[in-house]
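Now for the letters of each chain:
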Amino acid sequence: GQITIPGGLSQVRTVAAGDQFSLALRKDGTVAAWGRNNWDQTKVPDGLAGVKAISAGYHHSIALLENGRVVAWGDNDDGQTDVPAGLEQVTSVSAGGLHSLALKANGEVVAWGNNDWGQASVPHGLTNVTMIAAGDEHSLALKSDGTVVGWGLNFYCQ
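Here's what I pulled together on the structure shown here. (Residues numbered from 1 in each chain as written. Predicted model: local features only at pLDDT ≥ 70, side-chain atom pairs only at ≥ 80, totals over all residues. Heavy atoms only, no water.)

### A closer look at the pairing of strand β7 (residues 90-95)
Regular strands have side chains that alternate between both faces of the sheet.
Next up, step 1: When β7 meets strand β8 (residues 99-104), the two strands line up antiparallel, connected through 5 bridges. What sits directly across from V93, in β8, is A102.
Next up, step 2: Connecting the antiparallel pair β7 and β8 is a turn made up of 3 residues. (Pairing = 2+ DSSP bridges. Helix = DSSP H or I, 4+ residues; strand = E, 2+ residues; numbered from the N terminus.)

Given below as structure tokens:
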């Protein structure tokens, strides 16, 4: 069946889905969240505005601000919401199961959080990245030459 969307939710630019919770980025740069809230993953930080992108992990949420900075909230048992100090000039974010990724304007990937399978250990020398994606226990980067680099759990050749 369908899930219940909060009443009055409108002017939405994009959405993200985590484990039993959802996020919506409104056109005015504010974020709405609903669903399971056992780790405060739907407790949007007070005053959060100027958001240009969102991503939802297993039990955590990430917002990319218009100024290129990152805000994260929710489960932090593995450091997935501990945004690295000084992280700036970010162009995209991706929340994985228990880790997080950020892509900087210079094509550099920054990762933090759970690293049990190497999913937060960005390969040495990885440059010229144009897109990132965080899976449950693995990470992907698309390079400007069209090649893809993956790292992390590889039990199923993911």
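Past the structure itself, the notes keep going.
### Remarks on the sheet that holds strand β2 (residues 21-26)
Next up, step 1: Pairing is antiparallel across the open sheet formed by 3 strands, whose spatial order is β1-β2-β3. Edge positions in the sheet fall to β1 (12-17) and β3 (31-35), since each of these pairs with one other strand and no more. Between one strand and the next, the sheet's axes are offset by a mean angle of 20 degrees, whatever the strand orientation.
Next up, step 2: The pairing of β2 with β3 spans 5 bridges and is antiparallel. Within β3, the position partnered with S22 by the bridge is W34. (Axes fitted to C-alpha atoms, helices over the stretch in contact; angles between N-to-C directions.)

### A closer look at the nonpolar core
Next up, step 1: Core analysis: the biggest nonpolar cluster contains 12 residues, these being A16, F21, L23, L25, V31, L48, V51, I54, A56, A63, L65 and W73.
Next up, step 2: When contributions to this core are tallied by element, the ones reaching two or more residues are β2, β4 (51-56) and β5 (60-65).
Next up, step 3: Not counting residues up to four positions away in its chain, the partners in contact with A16 are F21, S22, L23, I54, S55 and A56. (Core = buried A, V, L, I, M, F, W, Y, C linked by side-chain atoms within 4.5 Å. Buried < 20%, exposed > 50% of the residue type's maximum accessible area, 1.4 Å probe, protein only. Contact = heavy atoms within 4.5 Å.)

### Some points on the pattern of salt bridges
Next up, step 1: Tallying each qualifying case throughout the model produces 2 salt bridges.
Next up, step 2: A salt bridge links R69 to E88, with the nearest nitrogen and oxygen atoms 2.7 Å apart. Taken together, the positions of R69 in the loop between β5 and β6 (70-74) and E88 in the loop between β6 and β7 put the pair 19 residues apart, joining distant regions of the chain.
Next up, step 3: Between E108 and K104 there is a salt bridge, with its nearest N and O atoms 3.8 Å apart.
Next up, step 4: The exposure class of E108 is partly exposed, given its relative accessible area of 33%.
Next up, step 5: The class for K104 is buried, based on a relative accessible area of 18%. (Salt bridge = Lys/Arg side-chain N within 4 Å of Asp/Glu carboxyl O.)

### Here's the deal with the packing of aromatic side chains
Next up, step 1: Taken as a whole and assessed by the stated rule, the structure comprises 1 aromatic pair.
Next up, step 2: Ring centres of W117 and F155 lie 5.0 Å apart, and the angle between their planes is 70 degrees; this geometry places the pair in the edge-to-face category. Here the residue W117 occupies a position in the loop between β9 (109-113) and β10 (129-134), and F155 occupies one in the segment after β12 (148-152), the gap between them amounting to 38 residues. (Phe/Tyr/Trp six-rings, centres within 6.5 Å; stacked < 30°, edge-to-face > 60°.)

### Re the side chain of T42
Next up, step 1: Within the element layout of this structure, T42 appears in the loop between β3 and β4.
Next up, step 2: Within polar-contact distance, the side chain of T42 engages the side chain of N37 at 2.8 Å.
Next up, step 3: Sequence-distant contacts of T42, that is, excluding residues within four places in its chain, are made with F21, A33, W34, G35, R36, N37 and W73. (Polar contact = N/O pair within 3.5 Å; in protein donor to acceptor, adjacent residues only side chain to side chain.)

### What to know about unusual backbone geometry
For residues besides glycine, phi is generally negative; the peptide bonds are generally trans as well.
Next up, step 1: A positive phi angle, close to 55 degrees, is found at Q89, a residue other than glycine.
Next up, step 2: With respect to the secondary-structure elements, Q89 resides in the loop between β6 and β7.
Next up, step 3: Although it is not a glycine, N128 adopts a positive phi angle of roughly 55 degrees.
Next up, step 4: Tracing the chain through its elements places N128 in the loop between β9 and β10.

### Brief notes about the side chain of S139
Next up, step 1: Tracing the chain through its elements places S139 in strand β11 (residues 138-143).
Next up, step 2: Assessed through its relative accessible area of 0%, S139 is described here as buried.
Next up, step 3: A polar atom in the side chain of S139 sits 2.9 Å from the side chain of H99.
Next up, step 4: At 2.8 Å, the side chain of S139 and the backbone oxygen of Q119 are in polar contact.

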